[in-house]
Amino acid sequence: MNNRPNHYNTFQYFALFVFFQICLSSSFAQAKLNINNDWLYLENHTSNLNEAQKNQNWVSLNLPHTWNAEDATDLYPGYRRDASWYQKKLTIPQIDKNKVYSLYFEGSNVTTKVYVNGKEAGSHIGGYIGFSIDVTNLIKEGNNDIFVRVDNSYDIEIIPSQKSDFYIYGGITRDVWLVSKYKNHIDNLKISTPEVAAKKASVQIISSIVNSDNSKDLALTITLKNPKGKKVASKTISVADKTTTITFENIKNPELWDTDTPNLYSITAVLSEKNQIKDSASEKVGFRWFEFKDHGPFYLNGKRLIIRGTHRHEEQAGVGAAMTNEQHWADMKSIKAMGANFVRLAHYPQDPEVYKACDELGILVWDELPWCRGGIGNDVWKTNTKNMLVEIINQNYNHPSIIIWSLGNEINWLPDFPDGDNDVKTNAFLTELNELAHKLDPSRKTAIRKYYEGSHIVDVFSPSIWSGWYSGSYKSYQKAIDVYKKEYKHFIHAEYGGDSHVGRHSENPVTGENVIKSEGWEEAIVQTKVANIAQIGDWSENYIVDLFDWHLHISENDPSFVGNIQWAFKDFATPLRPEDDIPYMNQKGLTDRNGNPKDAYYVFKSYWAKEPFTYIESHTWTERQGPENTPRTISVFSNCEKVTLFHDGKDLGEKQRNITIYPACGLTWDVNFKKGENTLVAIGKTKDGKTVSDTIKVNYRFNKNDAASSLQLSAEKLKNGHFLITAIAIDNHNLRCLDYEESVYFQCLKGGKTLKNQGTPTGSESIKMANGKASIEVIPDGSNEPIEMTALNQSFKGEYLKITVN
């Protein structure tokens, strides 16, 4: 928990004082104050407010928060699905009787009930989306008691289904705000662009006005400014109804929003009464148009754009879904730096900062209703589901990055209700949702993934193609997309890939024909045919690199293909995978759960990114073995026009990058490693003569390890003062067993604690070895006593290590 000293309360009081001073200023009529700091938390499921108030077990923390931050990824089955309470002492120095006050929650999972000064203020059903609670008649000047009960208990009447492959984190997982507005105020701005072309555009602003005083003297002024802040247009009209519409026609030569230049215009609305400003609101708008060609590619602003996409789950090591805004931005910046221009938000709407980032960075968005598995439900389920779709579209409507409202994923799989997989009933409800989405927003497309029976209902459909992982070989990918391009009018491919375990490598990974070849030690070539890669546990970074390289080789060279969306950007936690290499982790990410890139990240970057780079496969493969005089193929992933590889200073030749060549766009060299240390340097040269380089050192040996006989422990002090404890599986000749992949279990006996339950390559007490190696980070307890560690598994009695801290 985050305990805060008393000066934070003083600071917050000052912030509130400033907040209310601002509220009194006529030029800043509408105000928001972030109230994330200094909450109390009670892990108790009582529904009785008085009982919660009397409890003595409250602990202090700051929001956002989830009580599943670590129990989701500990080594015990299941996670807490229950209710908890949050409490805040909110000091309000001054209350203006001419204003209304509300608490705005950006997201609280899954059901929420709010109490103010002992009385119920309001409630909300469903997570992943914002909601407002009016507290005007409940607050008072001075101290106010805010109590919030949040419940993520198992409830089949609220989507998503628990049969989904991700955690449903409980808690107030996003920011909370205190909002102040005049009684007569702007409730909402809905912005659309009825006409967009290269030469001219129009923008329509529908303002919802609350006029509780029934004033006859309200006027609304709307101003449009271009991306540089220059005023383009302005209008003032009298307010007569609950909604007021202003349209700016014939905006000449609009600066278009696209993925390379995400130009954003600003719209400011000012509500005045008798020439005195009562409220103001602002939004961004982007001028763009798009089209999915029938049985063909995607066009943005009249030009073909290959959709280069990934998926994002909203979670991070150590905090689960309770991510900071900085962490959200870090994810989106990394996605953009990889060169992606599209993100599918899986499988639920995400933090407001994510949409803001996509707008500003130039990333197209597939926003998804969390109807994920579980089938069709009862009437209460239907009401909850429709309500959530309305909330999603209304709240996220103004973001130019969004082009698709997805109505669900694998929706009829694993039904929660009797007859829940009934196609007729499902299609009837899916049709309702589709019509509702188009009524709320005629300008965007609807989509669904892996529900074939309803593919004709929505605008865009994604079948399930997991070539080379759950079935078939990755080299069958072109055949699969050719079939679906013809079958579905607007076909897009969402989800492909496979798991990879950081640091696990193979000299001969499974081929594109699903064959495991020998590593060169055998006299005769040994080959094994594999039907399902996911089940054999290869999970090497090499195989996934090859698989993604092939998929991109196809998608980037197919002129009629719309593009695809890789699964998934980051490793993420799931209750359905307790036996994965890192327990309870879906390891299909291009990065680990902390956002650190795996090898596969650089494959995508080589096809998509603009910033020049080179990357030698692989920085996590520095210990290798093989017969003497057996060349190994080295791949360099780069977006440079030409790359030269050096081995121990020897020039192995310059190669021209060519995206029609597989693998690595032709940037491969055969290297004859010498015994001991080998230095590889790749130098890339761009068209304008700029050079970039990458260097790795590889320790190579000519003798193969025997069977593992013991574990060897070592410690390395890290820059943060922690220690990295590494276990190596060795044979009787003290050689690291590069073929050993069994789990190892770490324990800190004294002097510190392991950084556990993180779901990362160095943050789990149980982890499968990668080429005979596994590590965990250990935090000293400050006593300066030696740290005592053990590592063991089923094969070995274990090893002990004593580390001197100073």
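## Side note on the overall build of the chain
Argument step 1. A tally of helices and strands in the chain yields 10 helices and 48 strands.
Argument step 2. In summary, the chain has a C-alpha radius of gyration of 29 Å against a globular reference of 28 Å for 806 residues, a match within 12%.
Argument step 3. Within the chain, buried positions represent 59% of all 806 residues.
Argument step 4. Summed over its atoms, the accessible surface of the chain is roughly 33,000 Å², and 47% of this surface lies on carbon and sulfur atoms.
Argument step 5. Positive and negative charge centroids in the chain, built from 89 and 99 side chains respectively, lie 5 Å apart.

## A short note on the sheet that holds strand β5 (residues 99–105)
Argument step 1. In space, the four strands of this open sheet follow the order β1-β10-β5-β8, with antiparallel pairing throughout. Of all strands in the sheet, those with a lone pairing partner are β1 (31–34) and β8 (131–134), marking the two edges. In this sheet, adjacent strand axes meet at a mean angle of 25 degrees when their direction is disregarded.
Argument step 2. The pairing of β5 with strand β10 (residues 176–182) spans seven bridges and is classified as antiparallel. Bridge pairing in β10 links F105 to V176.

## Quick word on the packing of helix α3 (residues 325–337) against helix α4 (residues 352–361)
Argument step 1. The N-to-C vectors of α3 and α4 enclose an angle of 35 degrees; their axes lie 9 Å apart at closest approach. Along this stretch, α3 crosses α4, giving a crossing that reads as right-handed. Across from N325, H328, W329, M332, K333 and K336 in α3, the residues of α4 making contact are E353, V354, K356, A357, C358, E360 and L361.
Argument step 2. Of the residues assigned to the contact of α3 with α4, the class counts are six nonpolar, two polar and five charged.

## Quick look at the pattern of salt bridges
Argument step 1. Per the counting criterion, the structure on display carries 35 salt bridges.
Argument step 2. For K163, the salt bridge goes to D416, with nearest N and O atoms at 3.3 Å. Pair noted here: K163 is in the loop between β9 (142–151) and β10 and D416 is in the loop between β24 (402–409) and α6 (423–440), with a separation of 253 residues, a long-range link.
Argument step 3. Judged by relative accessible area, D416 falls into the buried class, the value being 19%.
Argument step 4. One salt bridge in this structure joins D648 and K674, with 2.6 Å as the shortest N-O distance. Remark: K674 occurs in the loop between β38 (668–671) and β39 (676–685) and D648 occurs in the loop between β36 (642–647) and β37 (650–656); sequence separation between them is 26 residues.
Argument step 5. It is possible to trace a salt-bridge network through shared partners that takes in R344, E368, R373, E410, R449 and E495.

## Considerations on the packing of aromatic side chains
Argument step 1. What the rule picks out here adds up to 39 aromatic pairs.
Argument step 2. Taking 5.8 Å as the distance between ring centres and 70 degrees as the angle between the ring planes, the aromatic pair formed by Y496 and F548 counts as edge-to-face. One end of the pair, Y496, is in the loop between β27 (493–494) and β28 (515–516); the other, F548, is in helix α9 (residues 541–555), and 52 residues separate them in sequence.
Argument step 3. By relative accessible area, which is 0% here, F548 ends up buried.
Argument step 4. Cluster of aromatic residues (ring-pair linked, three or more members): Y452, F461, Y477, Y484, Y488, F491, Y496, F548, F561, F604 and W608.
Argument step 5. A cation sits over an aromatic face here: R444 above Y397, 5.6 Å from the ring centre.
Argument step 6. The aromatic ring of W413 is capped on one face by K450, whose charged end is 4.6 Å from the ring centroid.

## What about the environment of G512?
Argument step 1. Residue position: G512 is located in the loop between β27 and β28.
Argument step 2. Taking the C-alpha atoms as reference points, G512 and S473, 39 residues apart in sequence, are found 5.7 Å from one another.
Argument step 3. Filtering out sequence-adjacent residues up to four positions away, G512 remains in contact with S473, Y474 and K475.

## Brief notes about α3
Argument step 1. Under the 1.5 Å per step criterion, the end-to-end length of α3 is 18 Å for 13 residues, consistent within 8% with the ideal 18 Å.
Argument step 2. As for α3, its buried residues are in contact with β21 (307–312), β22 (342–345), α4 and α10 (599–608).
Argument step 3. Trailing α3 by a residue or two, G339 shows a phi angle of about 100 degrees, which is positive.

## Some thoughts on the nonpolar core
Argument step 1. Ranked by internal contacts, the top residues of the largest apolar core, which has 142 residues, are F292, F298, W371 and M789.
Argument step 2. Sorting elements by how many residues they give to this core places α9 first, with eight residues.
Argument step 3. Counting 26 residues, the second-largest nonpolar core is a separate cluster that includes W39, L103, V114 and F131.

## A closer look at the environment of L75
Argument step 1. Take L75: it is sitting in the loop between β3 (59–61) and β4 (83–92).
Argument step 2. As for L75 and K425, which are separated by 350 residues in sequence, their C-alpha atoms are 40 Å apart.
Argument step 3. Non-local contacts of L75, meaning those with residues more than four positions away in its chain, are made with P583, Y584, N757, S764, E765 and S766.

## Focus: the side chain of H722
Argument step 1. Relative to the elements of secondary structure, H722 occurs in the loop between β41 (710–717) and β42 (723–730).
Argument step 2. Those residues in contact with H722 that sit more than four places away from it in its chain are E716, K717, E777, V778, I779 and P780.

## Notes on the pairing of strand β11 (residues 184–196)
Argument step 1. Across 10 bridges, the pairing between β11 and strand β12 (residues 200–211) is antiparallel. Of the residues in β12, the one forming a bridge with N188 is S208.
Argument step 2. Between β11 and β12, which pair antiparallel in sequence order, lie three residues.

## A few points about the pairing of β36
Argument step 1. Here β36 pairs with β37 via five bridges, running antiparallel. In the strand pairing of β37, T644 is matched with E654.
Argument step 2. Hairpin connection between β36 and β37: a loop of two residues separates the two successive antiparallel strands, and D648 in this loop has a positive phi of roughly 50 degrees.
Argument step 3. With six bridges joining them, β36 and β39 adopt antiparallel strand pairing. Paired with T644 across the bridge in β39 is I683.

## Structural notes on unusual backbone geometry
Argument step 1. Omega for the peptide link from A346 to H347 comes to -20 degrees, which places this bond in the cis form.
Argument step 2. Along the chain, the position of H347 falls in the loop between β22 and α4.
Argument step 3. Residue A568 follows W567 across a cis peptide bond; omega there is -10 degrees.
Argument step 4. With respect to the helices and strands, A568 occurs in the loop between β30 (563–566) and β31 (572–573).
Argument step 5. Although it is not a glycine, A664 sits at a positive phi angle of roughly 55 degrees.
Argument step 6. Position of A664 among the secondary structure elements: in the loop between β37 and β38.

The rules behind the values
Residues numbered from 1 in each chain as written. Predicted model: local features only at pLDDT ≥ 70, side-chain atom pairs only at ≥ 80, totals over all residues. Heavy atoms only, no water. Helix = DSSP H or I, 4+ residues; strand = E, 2+ residues; numbered from the N terminus. Rg over C-alpha atoms; globule rule 2.2 N^0.38 Å. Buried < 20%, exposed > 50% of the residue type's maximum accessible area, 1.4 Å probe, protein only. Areas by Shrake-Rupley, 256 points an atom, 1.4 Å probe, with all protein chains shown as cover. Lys, Arg positive; Asp, Glu negative; His and termini not counted. Charge placed at Lys NZ, Arg CZ, Asp CG, Glu CD. Pairing = 2+ DSSP bridges. Axes fitted to C-alpha atoms, helices over the stretch in contact; angles between N-to-C directions. Left-handed = near helix turned anticlockwise from the far one by under 90°. Contact = heavy atoms within 4.5 Å. Nonpolar A, V, L, I, M, F, W, Y, C, P; charged D, E, K, R; others polar. Salt bridge = Lys/Arg side-chain N within 4 Å of Asp/Glu carboxyl O. Phe/Tyr/Trp six-rings, centres within 6.5 Å; stacked < 30°, edge-to-face > 60°. Lys NZ or Arg CZ within 6 Å of the ring centre and 35° of its normal. Expected span 1.5 Å × (residues − 1). Core = buried A, V, L, I, M, F, W, Y, C linked by side-chain atoms within 4.5 Å.

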